[in-house]
Amino acid sequence: MSDIALRMEHVYKKFRKGEVFNSLRDLVPALTGRMFQQQDLAGHDQREFWALRDVSFEVKRGEAFGIIGHNGAGKSTILKIMSRIMKPTKGSMAVNGRLSALLEVSAGFHQDLTGRENIFLNGTILGMNKREIESKLDQIVSFSGLEGFIDTPVKRYSSGMYARLGFSVAAHVDPDVLIVDEVLSVGDVTFQQRCMERMSSILKGGTTVLFVSHNLKAVTELCGRAMLLKKGEVAIVGGTDSVVRHYLKDAQEPCAGDDSKPVYISQIKVSDEMGERSTFESGQTAWIDVEVTARERIEKLAVAIWLADETQYNIFGTTTEGLGHSRFSLHPGETYRCRFELSLNMAHGTFYVCASVFRYDFRKDYDRKELAATIFIGSTLAVRGAVNCFPRLVEAETVLESGQQEKRT
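Residues numbered from 1 in each chain as written. Predicted model: local features only at pLDDT ≥ 70, side-chain atom pairs only at ≥ 80, totals over all residues. Heavy atoms only, no water.

Student: I'd like to hear about unusual backbone geometry, residue by residue, with values.
Tutor: With a phi close to 50 degrees, His10 is a non-glycine residue in the positive phi region. With respect to the element layout, His10 can be found in strand β1 (residues 4–16). Overall, the relative accessible area of 48% leaves His10 in the partly exposed class. (Helix = DSSP H or I, 4+ residues; strand = E, 2+ residues; numbered from the N terminus. Buried < 20%, exposed > 50% of the residue type's maximum accessible area, 1.4 Å probe, protein only.)

What follows is the structure, encoded as structure tokens:
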């Protein structure tokens, strides 16, 4: 048996912009008009565009493979081709094994049926038989957390409830290949974490996962390899950390910034002893390198860095001067480099590195880079919030009615 679970080879997909005719009344006048238009219908139609161009990749059995890219890059088109919802215009694809796909929260749901009835409907669509669904029904309902609403018609469900029920069914199919689109973003934080834990459990069981998401933290946690798509073409395939770093660099504005600034931040880099990276474990040491370049003679400068959370709330900050380094001056063309060493005692989450070059006495920012780099913090501890205080349960006790104590450590 081949160790390749998914493969795409030189896949192209063409779509056509324009009207969608839902009735004969609209279609007949449109076709009649085209008969009298002076154009070569066999020639190139300007309304046609390629959603995918020469896409090739393969995923091994038991591997989690991520696909990232901006909106319109072609991510969902790849998943729909893999799910056989649509066919490629050119090229070939192969899926080896039983496939389960969660591409839309309402896919396979009937509005007038209850949650329980839709589990049977959706499970059947995904390839489960009645006996299999019955044996897993309690697990599916419990995982979704919708016990109190399972006999309510799904037309009364919120989008988050849809996602929870849809993912719960798809995740219990026991597929060889699980395809998951961005739909998890509509669930609450607790359910998203539960989904990640479920997908990790599925992976341990040997299932292959193809995961598309804008949540780069989730991609780095789950996937060992990833692919970056840009305008329907493969930009890079490789280790998830390097692919995410490439994506973030591409998304950021050049550090040179406004030519009118007398001094500017020319580079910001996050690394550890292994080199530049974006993913760290809680408590790990990281280096933040900041480079400042001058266009004019500037005196009494300092560099500040700070970290912001996903809401862009500043959770930490420091400066070169605050750490005991004297203010510095630069002549035109000179560059100042500094390295901050941080212990990343943050809880599990996504954080942003920001920096500025400024002068204290004038209270003037010469250049300021918000969200200049992104770092993802993983943690094996069950902690919430922004900071990881590395908790330890050193003593716990139960007080009995007799006044005796049962102590557990």
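Student: Describe the pattern of salt bridges, with residues and values.
Tutor: For the structure shown, the criterion picks out 16 salt bridges. Close ionic contact of Asp367 with Lys369 constitutes a salt bridge, the shortest N to O distance being 4.0 Å. For Asp367, a relative accessible area of 2% corresponds to the buried category. Taken together, the shared-partner salt bridges in this structure form one network comprising Arg7, Glu9 and Glu58. (Salt bridge = Lys/Arg side-chain N within 4 Å of Asp/Glu carboxyl O.)

Student: Quick one: what's the story with the nonpolar core, residue by residue and with numbers?
Tutor: Grouped burial of nonpolar side chains is what soluble globular proteins tend to show. Judged by nonpolar contacts, the single largest core of 46 residues is most densely connected at Ile119, Phe167, Met199, Phe211 and Leu222. Counting residues per element, this core draws most heavily on helix α5 (residues 159–171), at seven residues. Counting 32 residues, the second largest nonpolar core, distinct from the first, contains Val303, Phe328, Met346 and Tyr366. (Core = buried A, V, L, I, M, F, W, Y, C linked by side-chain atoms within 4.5 Å.)

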